[in-house]
Amino acid sequence: MLIIENLTKIYENGFKALSNINLEIPEGQFVAIIGLSGSGKSTLLRCINRLIDPTEGRIIWRGLDITSATDDELRQIRRRIGMIFQQFNLVKRSSVITNVMSGRLGYINPLFSLVNYVPRVEHERALAALERVGIAEKAYQRASSLSGGQQQRVGIARALMQNPELMLADEPVASLDPATSHSVMKYLELLNKEDGITILCSLHFLSLARAYADRVIALKDGRLEFDGPPEQIDNERFRQIYGEDAVEVEIH
Amino acid sequence: MLNRLTSRGARRRLLMVVAAAAVLIIFAYGWSVTDINLNRPQEPLRQQNVGNALRELLSPNIFQQDYTIINATTPILMDCPADGSAPAPAEPTGGDEPHIVVIPACAHSGEIVTVQGYNFYPDSLARINWIATDGERRIRQVVGTSNDNFVTNTDGTFTVEIEVPRIRGTSGQTHTVEAQGRFPAGLPRFSDTTGLVLEKMIETIFLALIATSLSILPSAILSFFAAHNLMRPVRMSLGSLLVGFALLPVGWLLGTEVLGRIGTLAVNLGKGAGFNLGAVGALSSLFLFAAVTSSRAQASNISLNSDHLREIASKLLLAVVVVATIGLLGGLGILFGGLFTEGLLRYLSNFIGSLGQLVELAILPIAGITGAFAVSSAGMSLALNGLKKLHGAPAHLLGGVLGAICGAILMGMVASIGMQAAWLGLLPPVAAASLASGILPALYRRFVPQPARPTAAGRSIQTALSWVGIIAALVGTAAVLNVDRAVIAGTLPSTRSSVSLPGLTLYPYITQAMLIGAVLGGLSAALAGTKATFPLGEILYNTTRTILNALRSIEPLIMGLVFVIWVGIGPFAGVLALTLHSIASLGKLYSEQIENIDSGPIEALQSTGANRLQTIMYAVVPQIIPPYIAFTMYRWDINVRMSTIIGFVGGGGVGFLLQQQINLLRYRDAGVAVLAIAIVVSVLDYASASIRERVM
Ligand SMILES: Nc1ncnc2c1ncn2[C@@H]1O[C@H](COP(=O)(O)OP(=O)(O)OP(=O)(O)O)[C@@H](O)[C@H]1O
Ligand SMILES: [Mg+2]
């Protein structure tokens, strides 16, 4: 269970990106977060693993208070929370397998990392993760030589190395074409269904949310505008979330 | 409207004219300050001197050859007979032998005769001698020159005019005209100068190479601290920081006492061959044990009340292992240093031996630093839980106590630097000012009711208050520590009436500074409380940047002067000077490369639970390797240039030779050095550019 209580984020320049968000997300849910650009989706996701420090409020995951965790505790929490990014955030010059293995660093003795030593089991675990996202044959290529969809699958494999129980995905398909978007979303769905990983995924297209999510959360100007199953979003709700002039576009 | 526009245009034009006039005056002043004098270059003597110097510089004395002198003679009758029965001028004999002909075959004193030579060595030196009946040789300079020698023609002939000498009482006798020609013997070879220059050039290249490679590691480490994007997010709770800082001296003492002993023991073990295997075994098992304990702590599930005692034990154990390993390696190095005295291995043996000696010399400081960090980090994790539970007044009280201790330590350290030289005495007031800067704004926030949203007015009041505090602390500390005396008269603080404690001596100057530090540090930390976050990264970043910039602004030649005083004339001084300057300059260049990297991977690795070190190793290092190689090459290139002139201040290399040659006015020898420098610099310039292009 992930509980978000009165979460508020005010950036250093005084901009209030989130105001008083309250959410309860049970284990195993696939949650889509939608909202206009600038509505605070990334801010919300980043507050959960504290890439951004919240200004007020608490985030409690499985009884652990993330907001008050010390650095050491935070690292232990983070290694159970996977995250994938719109820009994939791979080290482009490193090989695919190195990128995947770097997802395991939280479990590896830092002294080993100093000499770039990775235990053999982790190497095999990385190959298995690549196998799972279907690009094992690319393991020894440079990450920069892969296509966008393949890079995002490397990103998923890297997150898989953490044995995550919660996966945060910040617009994972926003820079991919529709067909590739669906294939990447399918992998997320698989993780949700097979491994029971809770998924919080921000999306630009409502159609993707309808296709994959159990629950949709809509943000507007940093406030919670809607929280419910995707079927409940009718035209009126849609205009509430995206503004009066918006028209829903389908992505197939 | 139009009026205003034109008037504005007019004003701008006027302003431009004034500015142009000002620029002209400044330029004219510069012209006279730099002593530009158009007459001097036109003085004939100067022109002749510079011509000669340039001619010699451009005729480098690269080659050298042996010569034999071959003489050719022909008779000449002094005073032609009055009856006109002058002997017929000799005809060229033909054949391959060098020979000469004098025309006419008789002459009287003071007359000009022509000497023709055949079969001499082309473009080579020759001279004409007059041999009278007494057998004495008299050099005859060619008419119109002031040189004893002249140069033969390209076909090996020459035609020169000489004046018949006046020699009393020789009339009617037959004298001899002799031509001496220089003929090369054997093949040309490189001159001794060339050999010397080559030897010094090799020294120069290695000087640059060693200085560059020595600077890589320190500047790479410093570059991380000088990269804003890495350092900005580094924040710490003030409580932890103060605990850690207060424990540094304790750790240093423990380190030098306990770890130092272990380290010295390890060095000695390494030096004595007998114990080695056992010691290596013991140390490596210790190392393994430490690695295993810390990795087990890592691999366990999320447990927020993690086992602190084990963590602390593993940290202390690690410190022991580190010091013992370094000591043992150092000892083994010394052992190896004595192994080979001949052959190529002698260089290796000597090198590793010196590294070992370095470790032996530095083992106490190494132990002290390791101990300081181990104890302070152990203390921080021990205090973590306690500090977390502390709220309200106790947090401020504890902050005050810890702040006073830390302020005293900090000011004590700064003061012991400050008493070394008059201008270093400015450091304690600056440090005091930075300690004081937060006090008045914090008081203001505490005792004046604050609006919910910070207002611009409130912020400017706080800035003003901060400056008041800074200036007050600056002036107050300067007055207490008598900084004015130091700066004006150059007198250093008195070192009499000192208090001796184990490990340190306290002079009044230092105790006063510590007292100031305790008050200011205590006040600041009490107001902030242990819960406040401290921008540690920002402070480290600014300090590193300041030091790097200051170092970079000192020219390597000046550093060279100082190092020559320290280690004597020679390449070692040059290596030290160039290393120091390279560290500063590469540190800056490297850190700019870190600031340019893609921050996405850093964020991604942070989100996986990797710690800071791991994030740097896996997200930063792969991105910076190519630019680091490129900038290192670039720096090597610069260092070669600099090492060619560092010899001018005694720093070794070809520059020292060049300076001697110039001082001795041996421009042809200097020409060889100049040529060698030009070749090496341009080759390296090209090489470094092409390597840089390939990696970028
Ligand atoms: N570091 C920051 N400092 C100040 N304001 C910020 C910062 N980061 C984001 N913001 C602001 O906060 C608001 C929410 O940003 P956020 O990135 O969470 O939006 P988003 O919903 O993810 O938008 P998008 O769909 O474009 O990614 C935006 O108005 C943004 O300008
Ligand atoms: Mg976003």
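Computed from a prediction, not measured in an experiment: that's the story for all the values here.

Caption draft 1: Spatial organisation of the overall build of chain B. A count of helical and extended segments in chain B gives 21 helices and 13 strands. Expected size for 696 residues packed as a compact globule is a radius of gyration near 26 Å; at 40 Å, chain B overshoots this value by more than 25%. Counting only C-alpha atoms and orienting by the principal axes, one finds that chain B spans roughly 135 × 95 × 60 Å. Out of the 696 residues in chain B, the part that is buried amounts to 38%. The long-range fraction of contacts in chain B, counting pairs at least 24 apart against all pairs at least 6 apart in sequence, stands at 78%. Of the roughly 38,300 Å² of accessible surface on chain B, 67% is carried by carbon and sulfur atoms. Taking the average location of the 44 positive side-chain charges in chain B and that of its 37 negative ones, the two points are 25 Å from each other.

Caption draft 2: Region of interest: the packing of helix α3 (residues 192-225) of chain B against helix α19 (residues 612-646) of chain B. Residue and element names in this part refer to chain B. α19 packs onto α3 with a crossing angle of 145° between their chain directions and a minimal axis gap of 8 Å. Here the hand of the crossing between α3 and α19 comes out right-handed. Where α3 approaches α19, its residues Met-201, Thr-204, Ile-205, Leu-207, Ala-208, Leu-209, Ala-211, Thr-212, Ile-216, Ala-220, Ser-223 and Phe-224 are matched on the opposing element by Ile-616, Val-620, Ile-624, Tyr-628, Thr-632, Arg-635, Trp-636, Asn-639, Val-640, Ser-643, Thr-644 and Ile-646. Residue composition of the contact of α3 with α19, grouped by class: 16 nonpolar, seven polar and one charged.

Caption draft 3: Inspection of the interface of chain A and chain B at higher detail. Every contact between the two is made by 42 residues of chain A and, on the other side, 36 residues of chain B. Across the chain A/chain B interface, buried area totals approximately 3,500 Å², and carbon plus sulfur atoms make up 56% of it. Linking chain A with chain B are three salt bridges. Mapped by element, the contributors of at least two residues to the side of chain A that touches chain B are α2 (71-78), β6 (81-85) and α4 (110-114) of chain A. It is α2(A) that provides the largest number of residues to the side of chain A that touches chain B, a total of six residues. Split by residue class, the side of chain A that touches chain B holds 17 nonpolar, 15 polar and 10 charged.

Caption draft 4: Up close: the site of ligand 1. Residues and elements named next belong to chain A. Close to ligand 1 lie 14 residues; Ser-37, Gly-38, Lys-41, Ser-42 and Thr-43 are nearest. Ser-39 places a main-chain nitrogen or oxygen 3.3 Å from an oxygen atom of ligand 1. About the coverage of ligand 1: the protein hides 63% of its 630 Å² of free accessible area. Of all the elements, helix α1 (residues 41-48) adds the most residues to the shell around ligand 1, at three residues. When grouped by side-chain class, the residues that make up the shell around ligand 1 number four nonpolar, eight polar and two charged.

Here is what the cut-offs are and how they apply
- Residues numbered from 1 in each chain as written.
- Chains lettered and ligands numbered in written order.
- Predicted model: local features only at pLDDT ≥ 70, side-chain atom pairs only at ≥ 80, totals over all residues.
- Heavy atoms only, no water.
- Helix = DSSP H or I, 4+ residues; strand = E, 2+ residues; numbered from the N terminus.
- Rg over C-alpha atoms; globule rule 2.2 N^0.38 Å.
- Buried < 20%, exposed > 50% of the residue type's maximum accessible area, 1.4 Å probe, protein only.
- Contact = heavy atoms within 4.5 Å.
- Areas by Shrake-Rupley, 256 points an atom, 1.4 Å probe, with all protein chains shown as cover.
- Lys, Arg positive; Asp, Glu negative; His and termini not counted.
- Charge placed at Lys NZ, Arg CZ, Asp CG, Glu CD.
- Axes fitted to C-alpha atoms, helices over the stretch in contact; angles between N-to-C directions.
- Left-handed = near helix turned anticlockwise from the far one by under 90°.
- Nonpolar A, V, L, I, M, F, W, Y, C, P; charged D, E, K, R; others polar.
- Buried area = accessible area lost by both parts, 1.4 Å probe.
- Salt bridge = Lys/Arg side-chain N within 4 Å of Asp/Glu carboxyl O.
- Near = heavy atom within 4 Å.
- Polar contact = N/O pair within 3.5 Å; in protein donor to acceptor, adjacent residues only side chain to side chain.

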